[in-house]
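Remarks on the overall topology
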Amino acid sequence: MFGVDSGRSRSTIFKASCFLLPFVALFSVTAVNHSVFYPLNSWGGESPVSVFWIVLTNLGDGFFLFPLTMLLFYKKPDKQLAVILTMLVGALLLNGGKALIPSLRPVGALGIEAVNVLGPVLKTDTMPSGHTGTVFLLVGLSFLYLNSRIQSVVLLLASLSGLSRIVVGAHWPFDIFLGAWVGIVSAVLADYLASKLNSGFKSRVAFIFLGLLCVFVLPFYDNGFRGYTVIQYFQYLLALLALVLSVRCLVTLYQDELESRLKQPGTLLNKLFLLGHRLTKFGMVGASGFLVDMGVYTLLGQLLGIPHLVARGCSYWVAASWNWFWNRTFTFSHVPKERKLKQWSKYLTMCLVSFFPSWGSYYVLTEFVPFFMEYKQLALAMGVMAGMLFNFTIASVFVFVGRQSGVAKEANL
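Everything quoted here is computed from the prediction, not taken from an experiment. (Residues numbered from 1 in each chain as written. Predicted model: local features only at pLDDT ≥ 70, side-chain atom pairs only at ≥ 80, totals over all residues. Heavy atoms only, no water.)

1. Section: the side chain of Asn 323
Tracing the sequence through the fold places Asn 323 in helix 13 (residues 308–331). Setting aside residues up to four positions removed in sequence, Asn 323 forms contacts with Val 285, Gly 286, Gly 289 and Tyr 347. (Helix = DSSP H or I, 4+ residues; strand = E, 2+ residues; numbered from the N terminus. Contact = heavy atoms within 4.5 Å.)

2. Observations concerning the packing of helix 7 (residues 130–145) against helix 9 (residues 173–195)
Two packed helices can be described by the angle between their axes and the distance between those axes. Between helix 7 and helix 9, the least distance of the axes is 7 Å, while the angle of their chain directions is 45°. Taken together, the axes of helix 7 and helix 9 lie oblique to each other. When you trace helix 7 past helix 9, the crossing you get is right-handed. Of the residues in helix 9, those touching helix 7 at Thr 132, Gly 133, Phe 136, Leu 137, Val 139, Gly 140, Leu 141, Leu 144 and Tyr 145 are Ile 176, Gly 179, Ala 180, Gly 183, Ile 184, Ser 186, Ala 187, Val 188 and Asp 191. Classifying every residue of the contact of helix 7 with helix 9 by side-chain character gives 11 nonpolar, 6 polar and 1 charged. (Axes fitted to C-alpha atoms, helices over the stretch in contact; angles between N-to-C directions. Parallel < 35°, antiparallel > 145°, perpendicular 65-115°, else oblique. Left-handed = near helix turned anticlockwise from the far one by under 90°. Nonpolar A, V, L, I, M, F, W, Y, C, P; charged D, E, K, R; others polar.)

3. Points about the layout of surface pockets
Considered as a void within the structure, the largest pocket measures approximately 620 Å³ in volume. Going through the elements one at a time, helix 10 (201–217), helix 11 (229–258), helix 12 (268–303) and helix 13 are the ones with two or more residues in the lining of the largest pocket. Here the lining of the largest pocket gets 9 residues from one element, more than from any other, and that element is helix 12. One number sums up the size of the second largest pocket: a volume of about 480 Å³. As for the second largest pocket, its lining consists of 24 residues, and the residues nearest its centre are Asp 61, Gly 62, Met 87, Thr 134 and Leu 137. Taken together, the elements giving at least two residues each to the lining of the second largest pocket come down to helix 4 (62–73), helix 5 (80–100), helix 7 and helix 10. Among the elements that line the lining of the second largest pocket, the one with the most residues is helix 5, at 8 residues. (1 Å grid on protein atoms, 1.4 Å probe; cavity = no way out; pocket = protein on both sides within 12 Å on 5 of 7 lines; lining within 4 Å. Points joined across faces, edges and corners; volume = space filled by probe spheres on them.)

Remember that the coordinates give geometry; whether it matters functionally is a separate question.
Structure follows, in structure tokens:
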């Protein structure tokens, strides 16, 4: 009844059940559940140690976990449907369990004075542990699709993340083991569903969409732990990881699905189409660079307190290097590769020219227009857009060029 590798699916459920369900039965005894909870909950008392557990407990949050899941599966497009279905099945079973089984968390049962709480104070809907179940979705996927080394690392991190739910005072030991079992079973059920469906273009687009959702949500997301500075930086780091992987997946998807349609040179209409195709790719890279530009600018200006004009200058060059890399490997991939350092220098020289109208327009708007003095990000966007067409022209004729035959040049435009 399971997926293509039904033996591996059955083995995964068998191992999870043999190890986890006896603990579920053991901790269903209230006295044992409470006696184990107290010493584990005391582990998070000291400040440096508490930060460690707070980072681990956030791995069970879907927005935190998905960029790490992308890291493991961005090169496995045939498994991305299974990843998405695992999230859906897991959400249904974990949230359904909480809704159907009324239960009290440690704070609700013992009182706030008896529990060491890190993060938000939660009192109800304890069974099963949603965070533990979520991170064990990845354990199930790793045991189905990944090698043994990765399985060991994922299992270790997931186990520590589950333990952290007790340390932060959010769950009982019973909830942790039940949530872990539900998470692994959800992955196996999703594997079965994925085997009945085609993992194609739509599932890959959905995978990219979820990554981009993390990019836009994580910098502002508050699940009750954002008051800890380390969590804020962790969110920015994961958002950057999600952006890099989403762009990488988008590049791969674009090349797999569309490049094959653009191999017939000849007519003027086709040449114009190829030019539009290349300009679209350049714009896609520019859009991702804009997000990098905005992210670095916000990080330097708002979080680190660097003067906004200096922050703008720094963010520009970081985004320029980002754009050079992706234009080299994506937009102008047809051009014979020049030495990286030389080409990067030429690209930054081009950016040095376009920097002045871009930064200059930003300076004029933010210094002399009251509206943009308050909304500096809009001024930044206008400056970025102004330099895009200029950059594309210069990049096409100066930076990304190689020695090609006349026929090849005409074909690639």
